[in-house]
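# A closer look at the structure
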Amino acid sequence: MAAPECSRCKASLGAHHLILIVALCSVLVASSTVSGTEEALITSSSTPSPSSSRPAPAPQHSRSGDLTAETASTAAETERQPLSLEQELDAARSAIRRAVRRRGDPGNVTSSAKSWFDDGVEYALLASVYRNPAGFHRSYTEMEKRFRVYVYEEGEPPILHEGPCKNIYTIEGRFIEQLELMAPSPPQGRGHGDGGAVGGGVRTSDPARAHAFFLPFSVSQMVKFAYRPDCKDMSIVQALAADYVRVVASRHPYWNRSAGADHFMLSCHDWGPYASRGHPELYANGIRALCNANTSEGFRPGKDVSVPEIYLYDGDMPRQLLEPAPGPASRPLLAFFAGGRHGHVRDLLLRHWKGRDPDVFPVYEHAHARGGAGDELDYYGYMRRARFCLCPSGYEVASPRVVEAIHAECVPVIVSDGYALPFADVLRWEAFSVAVPVADIPRLREVLERIPAAEVERLRRGVRLVKRHFMLHQPPERLDMFHMILHSVWLRRLNFRLDR
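Overview of the structure. (Residues numbered from 1 in each chain as written. Predicted model: local features only at pLDDT ≥ 70, side-chain atom pairs only at ≥ 80, totals over all residues. Heavy atoms only, no water.)

### Focus on the state of the cysteines
Linking two cysteines covalently through their sulfur atoms gives a disulfide. Overall, the coordinates contain two disulfides when judged by the stated rule. Bridging Cys268 to Cys291, the disulfide has an S-S length of 2.0 Å. With the S-S bond torsion at -95°, the cross-link from Cys268 to Cys291 turns out left-handed. Residue Cys268 is located in the loop between strand 3 (263–267) and helix 11 (272–276), and its partner Cys291 is located in the loop between strand 4 (287–290) and strand 5 (305–306); the two are separated by 23 residues in the primary sequence. With respect to class, Cys268 is no different from Cys291; both count as buried. (Disulfide = S-S within 2.5 Å. Helix = DSSP H or I, 4+ residues; strand = E, 2+ residues; numbered from the N terminus. Buried < 20%, exposed > 50% of the residue type's maximum accessible area, 1.4 Å probe, protein only.)

### Digging into the packing of aromatic side chains
For the coordinates displayed, the defined rule picks out 22 aromatic pairs. A ring pair is formed by Phe214 and Phe264, whose centres lie 4.9 Å apart and whose planes are at 40°; its orientation type is tilted. Here Phe264 lies in strand 3 and Phe214 lies in strand 2 (residues 212–214), a separation of 50 residues in the sequence. We note that Phe214, like Phe264, is buried. Cluster of aromatic residues (ring-pair linked, three or more members): Phe336, Tyr364, Tyr379, Tyr380 and Tyr382. A cation over a ring is seen here: Arg356 above Trp353, with NZ or CZ 4.6 Å from the ring centre. Geometry around Phe496 places Arg493 over its ring, the cationic atom sitting 4.5 Å from the centre. (Phe/Tyr/Trp six-rings, centres within 6.5 Å; stacked < 30°, edge-to-face > 60°. Lys NZ or Arg CZ within 6 Å of the ring centre and 35° of its normal.)

### Some words on the pairing of strand 3
With five of five residues buried, strand 3 is to be regarded as a mostly interior element. Side chains His263, Met265 and Ser267 project from strand 3 onto one buried face, and the interleaved Phe264 and Leu266 project onto a second face that is buried too. As defined by bridge partners, strand 2 adjoins strand 3 across two bridges and the pair is classed as parallel. Bridging from a neighbouring strand, Phe214 pairs with Phe264 of strand 3. In this structure, strand 3 lies alongside strand 4, joined through four bridges in parallel fashion. Looking at strand 4, one finds that Met265 is bridged to Arg288. (Pairing = 2+ DSSP bridges.)

### Some points on the pattern of salt bridges
Note that side chains of opposite charge can pair when their charged atoms are close. In total, this model carries 34 salt bridges according to the counting rule given. Among the ionic pairs, Lys303 bridges to Asp304, the shortest N-O distance being 2.7 Å. The burial state of Lys303 is the same as that of Asp304; both residues are buried. Asp440 is the salt-bridge partner of Arg443, the closest N and O atoms lying 3.8 Å from each other. Salt bridges here are not isolated pairs; linked through shared partners, they connect Glu86, Asp90, Arg93, Arg493 and Arg497. (Salt bridge = Lys/Arg side-chain N within 4 Å of Asp/Glu carboxyl O.)

### With respect to the sheet that holds strand 9 (residues 411–415)
Taken in spatial order, the five strands line up as 7-6-8-9-10 in an open sheet, and their pairing is parallel. If you trace the sheet from one side to the other, it starts and ends with strand 7 (363–365) and strand 10 (434–436), each paired once. Direction aside, the axes of adjacent strands within the sheet are offset by 25° on average. Relative to strand 8 (residues 386–392), strand 6 (residues 333–339) runs parallel, the two sharing three bridges. Residue Leu333 lies in a different strand from strand 8, and its bridge partner there is Ala386. Lying over the sheet, helix 14 (residues 343–353) contacts strand 6, strand 7, strand 8 and strand 9, oriented at roughly 125° with respect to strand 6. (Axes fitted to C-alpha atoms, helices over the stretch in contact; angles between N-to-C directions. Contact = heavy atoms within 4.5 Å.)

### Points about unusual backbone geometry
In the segment running from Pro157 into Pro158, the intervening peptide bond is cis, with an omega of 10°. Tracing the backbone through its elements, the reader meets Pro158 in the loop between strand 1 (149–151) and helix 7 (170–181). Of the consecutive residues Gln474 and Pro475, the connecting peptide bond is found in the cis state with omega at 5°. In this fold, Pro475 is placed in the loop between helix 18 (453–466) and helix 19 (481–494). The phi dihedral of Leu479 is positive, around 70°, even though this residue is not glycine.

In structure tokens, the structure reads:
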């Protein structure tokens, strides 16, 4: 189906610091800061600790000696009073912990996989591709059941509530559009679970029941409509982002309550990180969902979200990438790349490998349109005939070639330094891609030729397994790119606790 044009208290971050980047890999038992019997997950050392952190108060329990009566009384009280936002999230955190502890139980993983994957998927494959299959399954289903996002209504298109849908920044426009197209759940929910993704969408019309708040500005649209190339002054982009934050902070209590820590933005434009620096709290505390996820430029994987870059020229997935992918026997090329000389990484790649062996290792310098009629180069055809697809960084670290390679079931070769890969808190990229440091570009062919055929096929099986996570659908489908981005935001929201 053709895709339509785009439609129009400072937080005390509690010690219940559930970091799912670690949670989906391992669970460590530690003394709890929430109750005397609960286990806590240990945060990653690479994750910045929120400021102003202090333990949440321990819950009060009845002094009744009858445990059964106490439990019944608590349940009855819960029926009468809706859970607070953090009580809802505490329930999710506990459920995820329990699932994470069972990571070594193939039966637990297989039972959850039956509803998600094709019949016959092997536990060994799931365990190699997903950091913790059972933990991911539980986290995702908890998100579907509980997670609610409020989209601020302030502002008008084209800079707000609208974004590009037919260029390299497609995901920016499609995410804004799909989130705003969701019918919001009614205000005054009945308690935990109301308004979750299963029952009609994650969006809520009641900000008091929201776990996260979306800032619906488009950096791409800011650059298009407000930036003046003749002036070379990028500060207008920062000013617009900062102004929007100030507007919502002055009209609603939620930004000031958390210092922005439960708010998120999404940008696929190269200047997205720069725009976020316009407001100190947005940069320091907010969840920044960015395609330009460069750890050397301030991207923090424990707080920020890496977003896949996808280039939809006409708003649809290219026809060639929707066809069944060829098998190993129909892939005579070792590797393939074609693209412009954008940035030092591609310049080094082209200087070493351009035109060296077009029959086996074709590397072309091209300003081309992918897959269109009359192209000099059948770009997607080459991808479908190659075992490896080279995905070097351009001017910035992300490249749409990563998603294109996955769609073509061609093993992505990530040639980059400092790129925080999308969904890496859930997926083991080493199970379906090859990472090559920029310094090893002169040895690139040697590195790929030394990978045995059986290992190449194992990597391709991993590519096929994760392919659904890199697809865009309209409307969105379970486990697709839109929902995986939301899941990444959900994980980061679980990482801190609002202490009211």
